[in-house]
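A look at the structure
Here is how the chains run, residue by residue.
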Amino acid sequence: MTAHERITIDVGAQQGVEVAPDLWGLFIEDLNDALDGGLNAECLRNGDFEFNAADRDGWDALTAWSADVADRVEVRTDAPIHPNNAHYLRLTGPVTLVNEGWDGTGTTEGQGFLLSFFARAGAEPARLTVTIGSNGGNLARAQVMVPSGGWHRCETPLTAVADGRGRLHIEIPAGLVVDLDHVSLRPTGPGGEPLTFRPDLLQALKDLAPSFIRFPGGCVAHGLGLDNIYHWKTTIGPRHERAQIPNSWGYHQSRQIGYLEYFELCQATGATPLPVVAAGVCCQNYPGGAQAIDDDAMDAYIQDVLDLIEFANGSPDTPWGARRAALGHPEPFRLRYLGLGNEDEITDDFRDRYARIEDAVRGRHPEICVIGTVGPQPFGPDFEAGWALARARGTAMVDEHGYRNPRWFHQNVDRYLAYEPGPQVYLGEYAARSNTMRSALAEAAYMIGLERNPAVVRLASYAPLLARAGHAQWTPDLIYFTATEVLPSASYHVQGMFSRERGTRLHPVTLGGVEPEPVTLPATGSVRLMSQGASVDYADIVLDGVVRHPVTTDPSGEPVELGGIDPAAATLELTATRRAGDEGFVVELGGDSYLQVHVGAWQNKSTLVIRGDDGITNDDHGPLHWHGVRTGVPVRVKVRLDGARVRAWIDGELRHDYEQDLRPEHRVVVGAASRTAADGSTEYVIRAVNAHPTARVASIRLAEPLGPAVATVTTLAGAGPDEGRPFTASPVAPVITTAAGDTLDLPPWSFVTAIIRRIP
Ligand code: AHR
């Protein structure tokens, strides 16, 4: 039998505090091919021939397409199907055009598809042969007639004759010239209708039972540059007429999932929509910085925001309600939340534009909860300035973000207890960095903390949600997928366990037999130097008063060890000179937990101190803007560790001076809520995290006992803390068992939800 410790969970009497009803939701952004190539059921890539070099260097109208005879394919722009869809192909037969899809198109035997395109034939109609072909043979085949004269929309159903992965081939017979645009291949539903959303991914989202969905970003909402701001009106209506723009994540936005489809996704999943509009400024990470919409264009922009609310909620008698009805939705979408801005730098322009938009929405739509923005980190200058602005303006809610390491989440389980009354919190983006069990459990512990502070925290969503394996700009993510598989992470299971089983009334919990884990500085450590992407010479090295030999690091990033230190009392000085490369260098100090002083972080534009615990890092101090390392120019660096205090001087300037966070970690965390079952009886929803190698058995004592009870227990356990990685499914999935309602097994490294009910 495994050794275990006994602990007690005392669940106090209900005190009338309601669980935040919309607490658990989703944030979806077109990042990591989440939409095109992902949730968008479209099987073809670049079906509009609108990819271009502004999306990504080297891309053009023919990206993802090939032909057996290249010179029979011409890209043209005269008399297109729509000005927003300027490029099309002129094909002179005989020629076969092939689309590579998104790593191919997956088929299952009997699966229906609808192939459609716009085509323009000459004086004679043209008969085209279309095939989903693979190396093993044809998976589906049909013929399509293109009428003569002008552009025509043509379509044909296709049925897969086998399971496989293929590519769409379009054959133009000899002697014919055909123009082609907006080519689409979508799986069909039971009535033969083309699907909007890829069914297995849609199901994965439905299974999370989200209360709300935030969209379309993130960075995508406020865009890289004024031309890149996401304007909702340009994303509705016929797909081939929508404005397609570069994606700030370095690819193309077809907008095939535009605002209407986002609202439909909310309907399909039972979620409340939470659109985010730019606060009149673009992203500050744009090379030109945060630019503001011109003063004289602001009224029109504000009107667009008001029109969005009318589009979502207005009766069909209103102009935008009528537009929604014309698009097949006479019933409103019941918009209640509106995000204004995303992680914006709180500049004077931001303050001005934000205030104008918020005032207009408040004036016309007091029923809408406007959610402000407080920077990219759960602390720092924009966090402080964003909060000050929100307090001064009486903003209803603000959107906090936090991507941190698991230790930070365990240290901050009680973060929201310290918040004063004022704007409430939407934790719009958070994730413990890594796809390990350790991270999933840290999130679960933190989520218990979110749930038990409903006066402050009203909404929360993990980020990012989706990533196509092999095509991600950001990890960790909640759900990975390939052309044919859905690969949920351990964090996905945690989210589902919270969202699917919710209580409605909170109960206080007292834990016995377990204490928070102390955090201490490592007892021993060493100093290492490294320089990914640069060759750097280090001279005049003095470590704790002892002169060391000069060393060199190369672009491989391989560390060079300087010698041992006491991580609580160490001083290092050196002069670094870059000989080649574009990047800076890193001084790493410590043991299991370590600090990295980055001299030339973020494309050699900043200095930054990073902390790593259990192999997973956090920005600890900075990034602070800096001129960068220059080839041939020596940089004098001094780092001093003094207890928890960290100081780093660059060329004599003290740039980093702070205390490391040594608050204890809450590794065993329990939350309790109750609800009324259909038969009127009370049920308890107990959640418990045991992020620890020791198994625990918890005795549960209810202040308001149920009598003889039984529990349905869902357990996520069985993987070590460091198991789980990006682009693969979680090593473990939740297991449901039945138990007595008075004890709870908490295996090592586990998250458990128990629904305790009286035995009838
Ligand atoms: O979730 C990924 C990105 O993280 C979002 O686009 C942005 O808001 C944040 O920086």
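Residues numbered from 1 in each chain as written. Predicted model: local features only at pLDDT ≥ 70, side-chain atom pairs only at ≥ 80, totals over all residues. Heavy atoms only, no water.

All right, on to the pattern of salt bridges then. For the structure on display, the rule yields 46 salt bridges. Arg242 is the salt-bridge partner of Glu261, the closest N and O atoms lying 2.9 Å from each other. A residue pair is termed long-range when its members are at least 10 positions apart, and Glu261 in helix H4 (residues 259-269) and Arg242 in the loop between helix H3 (219-222) and strand S15 (245-247) qualify at 19 residues. Neither Glu261 nor Arg242 differs from the other in exposure class; each is buried. Taking the shortest distance from any N to any O, the salt bridge between Asp359 and Arg393 comes out at 2.4 Å. (Salt bridge = Lys/Arg side-chain N within 4 Å of Asp/Glu carboxyl O. Helix = DSSP H or I, 4+ residues; strand = E, 2+ residues; numbered from the N terminus. Buried < 20%, exposed > 50% of the residue type's maximum accessible area, 1.4 Å probe, protein only.)

Quick look at the packing of helix H5 (residues 295-313) against helix H6 (residues 319-326) now. Across the interface, H5 lies against H6 with an axial gap of 7 Å and an inter-helix angle of 50°. Relative to H6, H5 is oriented oblique. Seen along the crossing, H5 lies across H6 with a hand that is right-handed. Packed against H5, whose contacting residues are Asp307, Glu310, Phe311, Ala312 and Asn313, the element H6 presents Pro319, Trp320, Gly321, Arg323 and Arg324 at the interface. Considered class by class, the residues forming the contact of H5 with H6 number four nonpolar, two polar and four charged. (Axes fitted to C-alpha atoms, helices over the stretch in contact; angles between N-to-C directions. Parallel < 35°, antiparallel > 145°, perpendicular 65-115°, else oblique. Left-handed = near helix turned anticlockwise from the far one by under 90°. Contact = heavy atoms within 4.5 Å. Nonpolar A, V, L, I, M, F, W, Y, C, P; charged D, E, K, R; others polar.)

On to the site of the ligand, then. Within the structure, the ligand sits among 14 residues, and Glu29, Cys219, Glu343, Tyr403 and Glu429 are positioned closest to it. Between an oxygen atom of the ligand and a side-chain N or O atom of Asn342, the distance comes to 3.0 Å. Within the contact set of the ligand, an oxygen atom lies 2.7 Å away from a side-chain nitrogen or oxygen of Glu429. Burial of the ligand by the protein amounts to 95% of the accessible area it has alone, namely 280 Å². Of the residues assigned to the shell around the ligand, the class counts are eight nonpolar, three polar and three charged. (Near = heavy atom within 4 Å. Polar contact = N/O pair within 3.5 Å; in protein donor to acceptor, adjacent residues only side chain to side chain. Areas by Shrake-Rupley, 256 points an atom, 1.4 Å probe, with all protein chains shown as cover.)

Moving on, we get to the pairing of strand S17 (residues 272-277). The element S17 is largely enclosed, with a buried count of six among its six residues. With burial as the criterion, each face of S17 is covered, one bearing Thr272, Leu274 and Val276 and the other bearing Pro273, Pro275 and Val277. Direction of pairing for strand S14 (residues 212-215) relative to S17: parallel, over a ladder of four bridges. From the neighbouring strand, Ile213 faces S17, where its bridge partner is Pro273. As paired strands, S17 and strand S18 (residues 337-340) are joined by two bridges and run parallel to one another. Its bridge partner lying in S18, Val277 is registered against Leu340. (Pairing = 2+ DSSP bridges.)

This next bit is on unusual backbone geometry. The amide bond that connects Phe215 to the next residue, Pro216, takes the cis arrangement and shows omega of -10°. If you trace the backbone, Pro216 turns up in the loop between S14 and H3. Cis geometry marks the peptide bond from Gly217 to Gly218; its omega dihedral reads 25°. The residue Gly218 is located in the loop between S14 and H3 in this model. Even without a glycine there, the phi angle at Ala209 is positive, about 45°. Relative to the elements of secondary structure, Ala209 occurs in the loop between helix H2 (199-206) and S14. Even without being a glycine, Phe727 presents a positive backbone phi close to 70°. Relative to the elements of secondary structure, Phe727 occurs in the loop between strand S44 (709-716) and strand S45 (735-740). On the basis of relative accessibility, which here comes to 33%, the residue Phe727 falls in the partly exposed class.

In this section: the environment of Ile756. Structurally, the position occupied by Ile756 is in strand S47 (residues 750-758). Linking Ile756 and Glu683, residues 73 residues apart in sequence, is a C-alpha distance of 5.6 Å. Excluding residues within four positions of it along the chain, Ile756 makes contact with Thr682, Glu683, Tyr684, Ile686, Ile700, Leu706, Ala709, Val710, Ala711 and Gly741.

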